[in-house]
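What follows is each chain in one-letter form.
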Amino acid sequence: MIVLSVESSCDETSVAVARDGKEILSNVVLSQISLHQAFGGVVPEIASREHVKGVTVVFEQAIQEAGIKPQDIDLVAVTQGPGLIGSLLVGINAAKAFAFAHGIPITGVHHIAGHIYANQIEDDMLFPLVALVVSGGHTELILMRDHYRFEKLGETQDDAVGEAYDKVARVLGLGYPGGPIIDKLAVEGTTRYPMPHIKTAGKYDFSYSGLKSHVINTVNTMKMKKETVDPKDMAASFQEAAVRHLIEQSKNAIEDHQAKMFIIAGGVAANKALRKAVFDTFKAVKVSVPPFKYCTDNAAMMAIAAHYQYQTKQRTDDMALNGASRLILS
Amino acid sequence: MKASSKRLIIDTATAWLYVGLFDGDTCILEHYEKGQNNHSVTLMPTIERLFKEAGWTIDAIDAFVVGIGPGSYTGVRIGVVVAKMFAWTTGKPLFKVSSLALIASGTSRDGLVMPVMDARRGNAFMALYEKRGNRLSLVQEERHGALAPFKDEHPDASPLEQAKPDLGLLLDSGLLVAVDSIHHLAPVYLRKTEAERNLDDGR
Ligand SMILES: [Zn+2]
């Protein structure tokens with residue numbers, strides 16, 4: 001089965017073609033990140049405008065690179081949500097028009113399912129599986145007992161981990177996006193600044209607002225006292241605490257559900273400290289991290305998720321398919 | 001465009017969804033209805049239904065026509081994206097037309113007509129056209145700004161906020177513009193985004 005997939009939930013316009021839920025024939029990603037950097041974050045209206053400009057070019061490249069014709073495509077998949085609604089609607093209407101023009105069935109896919117299935121590209125999933133989903137908008141633990149069966153075990157009670165990275169980077173004057181910058185800087189620093197131990201009500205839940213506020217308050221207080229803040233050491237101290245919290249809650253989920261496999265998914269899955277920590281900590285289960293290029297938003301992961309969604313549910317959508325800024329993973 | 005060509009025309013720039021199937025300047029089927037800010041849901045099913053009712057397939061279409069704004073940012077993007085995709089993937093020509101010209105084309109009488117779209121806070125998207133018989137011509141370029149002074153400047157023009165487009169009149173008037181590069185087609189927003197305006201102002 002050949003799937004053409006479209007992803008436009010945030011600031012990446014992407015189209016991919018994949019065969020049989022495994023082989024990526026093409027994965028074209030048009031990133032807008034440089035446009036949004038001047039604003040310190042993604043501006044939704046600018047993102048939507050850029051998607052309109054780029055979408056047919058990206059389709060063309062993806063189809064050419066894959067070496068296929070539209071008639072070869074069995075299923076068109078598109079990210080339905082969650083995400084920025086204006087951005088989602090561009091990809092969804094492009095996908096619907098393409099599917100209609102060629103008489104191909106269409107299916108909407110959950111963005112987080114895509115991030116999880118990015119792991120299926122190089123490894124094969126083993127069940128039960130625990131997935132840690134970490135990005136600028138998500139921090140959650142999901143249990144899968146089989147393909148395309150998702151049970152949410154817990155999630156952040158406040159900020160997403162990626163959001164905390166961005167805020168900490170901002171207070172340290174390091175720029176946007178904060179994740180990769182802090183990750184890189186932390187390697188050169190020591191964990192000499194004390195960080196609070198994060199407590200949550202549920203053992204699979206997360207909380208990042210306390211840690212974030214602690215760093216912001218510490219930095220501001222030091223600045224007031226005219227003490228110099230070493231960004232390297234602050235980055236290292238923050239990152240150590242942030243990653244430890246992810247590992248502790250993941251450990252609870254893995255042990256309680258006797259998981260055979262543990263995977264990380266989402267933009268923060270590219271974080272080197274997190275990747276090292278999961279391999280160092282979880283020796284009894286198979287650990288999978290997505291290839292770096294499939295950590296950030298891309299359509300290849302959506303094609304893989306769509307393949308398994310279709311195999312499991314045998315369901316497609318019609319031309320009334322719409323986007324949803326919030327959407328439950330099911 | 002040859003007179004007998006089959007066209008699909010789409011406009012989603014306002015609350016009113018317009019989809020028409022034309023053979024030359026004869027309307028085969030059309031849909032013109034006020035939506036609830038949900039063109040994303042209704043546009044494609046409407047196109048699907050009209051094709052089915054007309055017994056046409058998309059391969060029979062000789063050219064696509066799309067209203068490119070100004071208007072609702074989210075709304076106009078839906079129509080532009082669908083039209084771009086159709087034209088690119090079928091290899092057929094695409095023509096663009098001002099969404100204000102589409103409104104103006106629906107005027108029932110000769111004289112100056114001022115198509116107007118509300119843009120909130122006393123502002124509007126507006127232009128000035130003149131209709132004489134089967135010709136509609138642009139008198140004042142489309143713009144975004146305060147409506148009241150524009151009305152005062154042109155007391156003899158009839159404001160028109162909403163009207164069903166008349167493709168025949170637009171064709172006769174040469175107001176459809178061939179799109180050279182389908183990939184590069186973008187809506188006419190007439191305004192930068194708020195974030196860009198703030199950045200320009202140094203805020
Ligand atoms: Zn994502």
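Residues numbered from 1 in each chain as written. Chains lettered and ligands numbered in written order. Predicted model: local features only at pLDDT ≥ 70, side-chain atom pairs only at ≥ 80, totals over all residues. Heavy atoms only, no water.

### Considering the coordination of the zinc ion
Note on metal geometry: ideal angles are 109.5 degrees for four donors arranged tetrahedrally and 90 or 180 degrees for six donors arranged octahedrally. All names here are of chain A. Protein-derived ligands of the zinc ion are His111 (NE2), His115 (NE2) and Asp297 (OD), with the metal-ligand distances lying across 2.1 Å. Site description for the zinc ion: donor spacing in sequence, H-x3-H-x181-D. A residue pair is termed a helical-turn pair when its members lie 3 or 4 positions apart in one helix, as His111 and His115 do in helix 4 (residues 111-117) at four residues. (Donors = N, O, S within 2.8 Å, 3.2 Å for Na, K, Ca; no water. Helix = DSSP H or I, 4+ residues; strand = E, 2+ residues; numbered from the N terminus.)

### Digging into the environment of A:Val78
In this structure, A:Val78 sits in strand 4 (residues 75-81). Among all residues touching A:Val78, those that are not within four sequence positions of it are A:Val6, A:Gly91, A:Ile92, A:Ala95, A:Ile106, A:Thr107, A:Gly108, A:Val109 and A:Leu321. (Contact = heavy atoms within 4.5 Å.)

### A word on the environment of A:Ser14
All names here are of chain A. Note on placement: Ser14 falls in strand 2 (residues 12-19). Residue Ser14 is classed as buried on the basis of its relative accessible area, which comes to 0%. Once the C-alpha coordinates of Ser14 and Ser330 are considered, the two residues, 316 residues apart in sequence, prove to be 23 Å apart. When residues no more than four places from it in sequence are discounted, the contact partners of Ser14 are Ser5, Val6, Glu7, Asn27, Val28, Val29, Val58, Asn298 and Ala299. (Buried < 20%, exposed > 50% of the residue type's maximum accessible area, 1.4 Å probe, protein only.)

### Structural notes on the sheet that holds strand 1 (residues 6-11) of chain B
All names here are of chain B. Spatially, six strands are ordered 3-2-1-4-5-10 in an open sheet, and the strand pairing comes out mixed. Both edges of this open sheet fall to strand 3 (26-34) and strand 10 (177-178), since each of them pairs with a single strand only. Judged from the four bridges that link them, strand 1 and strand 4 (residues 63-67) form a sheet pairing that is parallel. Residue pairing for strand 4: Ile9 is matched across the bridge by Val65. Relative to the sheet, helix 1 (residues 39-54) contacts strand 1, strand 2 (16-23) and strand 3, its axis offset from that of strand 2 by approximately 25 degrees. Running over the sheet, helix 2 (residues 73-90) touches strand 1, strand 4 and strand 5 (94-97) and is turned about 165 degrees from strand 4. (Pairing = 2+ DSSP bridges. Axes fitted to C-alpha atoms, helices over the stretch in contact; angles between N-to-C directions.)

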